[in-house]
Amino acid sequence: MNHQHSKLTVDFAGLGIPPGSYALPAPGAYDGYDRLERHFTGDLALTDLPPDDVQFLRNHFCEQVTEHRQQAMDYFSDRVPRRFAEARPDERATAWAEQFAGDRFTTKSLLLLGATGTGKTHLAYSVLRAVAETGVQTRWQTFTAADLYAHLRPRDGQDSQDAFTRVADAALLFLDDLGAAKFTEWTEEITYRLINHRYERCLPGIFTSNVPPAQLRDVLGERVTSRLSEMCDRIAIKGDDRRKGGAK
Ligand SMILES: Nc1ncnc2c1ncn2[C@@H]1O[C@H](COP(=O)(O)OP(=O)(O)OP(=O)(O)O)[C@@H](O)[C@H]1O
Ligand SMILES: [Mg+2]
C-alpha cells in the first residue's frame, strides 16, 4: 500500500477497497476534508466519520480501482498470446492473484508440473489474467525458457547484463517450459543466476515444466531445483494431452 505521505493510513478494508496503491483525495476536493485528514492521520476511525464522508471516500477510491483494473486488463490483453486469451481463472488462480495483490513478497511462486498438453501454459495465463483482474499494476514478463536463453545469449561482445537484470527484476515472471530446451553449461548457469536472483529478493514467478518431478534435479541441476522447491507451491496437472482431444 502506497500513499502520498508514508505516515497516512486509510481503512481500505473498512471501505471494501482491495489492496493497491491509491492517491488520496486532494485537500480542496471535499468540504469535510479536515475530518478525512483526521482519519488519514489515525485520529478518527472510519466508523466515526459521517456516512457522507465514508461515501465520498469509497467513491474516490472505487474510481481508481476501476481505472487500475482497466489499465491492468489492457496490459494483459496486449501481451497474452491469442491461444490463451480466453483462459479463465479458476479458484486457485484467483486465490493466488489475490494473495499476490495483497503482498507480492510473501506470495510463493507457482511451479506447474505436468505432461505435454495438460494445460500448464493455459493455467499460467489464467493466473496472469486473475492478477490483472485484481487491478494491481504489475509489469509482468513472460518467456519460454528457450526464448529467454536466445534473448540473453551474448552477441558479438555485447553484454547482456542489462537484459538479464530487466528479466530478473520483473515484478512477476512467467517462465514457461523449464527444462525443455537443451541444457548446456551456459543455460544451467544463466538459469541458476536468474532463479537465485529472484530467490534472494523474494520475487514471485510462475514456472512450468513437463519434466517428471523425479527427474527435475537431473535436468535443472541441484541448485536450481533446491531453490525452486523452497520458493514454489507445486501444482501437479494430471490428465491426457488436451491437444489430441482437440484433433479428434
Ligand atoms: N482448463 C482448460 N480449459 C480449456 N482448454 C484448455 C484448458 N487447459 C488447457 N487447454 C487447452 O489445451 C491445449 C494445451 O494446453 P497448454 O498449451 O496449456 O498445455 P501445456 O501443458 O502447456 O503443454 P506443453 O507442455 O506442451 O507446453 C491448449 O489449446 C489449451 O488452450
Ligand atoms: Mg506449455
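What you see is a predicted model; the values in this text were computed from it and never measured.

## Quick look at the overall build of the chain
Along the backbone of the chain there are eleven helices and five strands. C-alpha atoms of the chain, sized along the principal axes, occupy 65 × 50 × 30 Å. Scored against the burial criterion, the 248 residues of the chain give a buried share of 47%. Considering only intrachain contacts with a sequence separation of at least 6, the fraction spanning at least 24 residues in the chain is 77%. Surface accessibility of the chain: about 13700 Å² in total, with carbon and sulfur atoms responsible for 47%. Charge centroids of the chain, computed over 31 positive and 35 negative side chains, lie 8 Å from each other.

## Things to note about the sheet that holds strand 2 (residues 141-144)
One open sheet accounts for five strands, arranged 2-3-4-1-5; its pairing is parallel. Of all strands in the sheet, those bounded by a partner on one side alone are strand 2 and strand 5 (232-237). Across this sheet, the average inter-strand angle for adjacent strands is 15 degrees, counted without regard to direction. Relative to strand 5, strand 1 (residues 109-114) runs parallel, the two being bridged by six bridges. What sits directly across from S109, in strand 5, is C232.

## As for the site of ligand 1
Residues in contact with ligand 1 amount to 14 residues; listed here are only the nearest, G117, K120, T121, H122 and R243. Here an oxygen atom of ligand 1 and a backbone polar atom of G119 are 2.9 Å apart. Side-chain polar atom of T121 to an oxygen atom of ligand 1: 2.8 Å apart, as the coordinates give it. When isolated, ligand 1 has an accessible area of 630 Å², and the protein chains bury 74% of it. Going through the elements one at a time, helix 5 (120-134) and helix 11 (242-247) are the ones with two or more residues in the shell around ligand 1. Residues belonging to the shell around ligand 1 are distributed by class as follows: two nonpolar, seven polar and five charged.

## Quick look at the side chain of S160
Tracing the backbone shows S160 in the loop between helix 6 (145-152) and helix 7 (161-168). With sequence-adjacent residues up to four places away left out, S160 is seen in contact with L152 and P154.

## Re the pairing of strand 3 (residues 173-176)
Of the two faces of strand 3, the one holding L173 and L175 and the one holding F174 and D176 are both buried throughout. Inspection of the sheet shows strand 2 paired to strand 3 by four bridges, in the parallel sense. When the bridges of strand 3 are listed, T142 appears paired with F174. Alignment of strand 3 against strand 4 (residues 205-209), held across three bridges, turns out to be parallel. Looking across to strand 4, one finds that L175 is bridged to F207. Viewed along the sheet, the connection from strand 3 through helix 8 (residues 185-201) into strand 4 turns out right-handed.

## As for the domain arrangement of the chain
Domains assigned within the chain are domain 1 (12-74) and domain 2 (84-247). Relative to domain 2, the C-alpha centre of domain 1 lies at a distance of 36 Å. The interface is formed by six residues belonging to domain 1 together with nine residues belonging to domain 2. Here domain 1 packs against domain 2, burying approximately 640 Å² in sum over the two surfaces, 56% of which is carbon and sulfur.

## Things to note about the side chain of T134
The residue T134 is located in helix 5 in this model. Given a relative accessible area of 15%, T134 falls into the buried group. If sequence neighbours within four positions are ignored, T134 has contacts with R69, A97, E98 and A101.

Cut-offs used in this document
- Residues numbered from 1 in each chain as written.
- Chains lettered and ligands numbered in written order.
- Predicted model: local features only at pLDDT ≥ 70, side-chain atom pairs only at ≥ 80, totals over all residues.
- Heavy atoms only, no water.
- Helix = DSSP H or I, 4+ residues; strand = E, 2+ residues; numbered from the N terminus.
- Buried < 20%, exposed > 50% of the residue type's maximum accessible area, 1.4 Å probe, protein only.
- Contact = heavy atoms within 4.5 Å.
- Areas by Shrake-Rupley, 256 points an atom, 1.4 Å probe, with all protein chains shown as cover.
- Lys, Arg positive; Asp, Glu negative; His and termini not counted.
- Charge placed at Lys NZ, Arg CZ, Asp CG, Glu CD.
- Pairing = 2+ DSSP bridges.
- Axes fitted to C-alpha atoms, helices over the stretch in contact; angles between N-to-C directions.
- Near = heavy atom within 4 Å.
- Polar contact = N/O pair within 3.5 Å; in protein donor to acceptor, adjacent residues only side chain to side chain.
- Nonpolar A, V, L, I, M, F, W, Y, C, P; charged D, E, K, R; others polar.
- Right-handed = clockwise from strand over helix to strand, strands pointing away.
- Domains from an automatic or database assignment.
- Buried area = accessible area lost by both parts, 1.4 Å probe.

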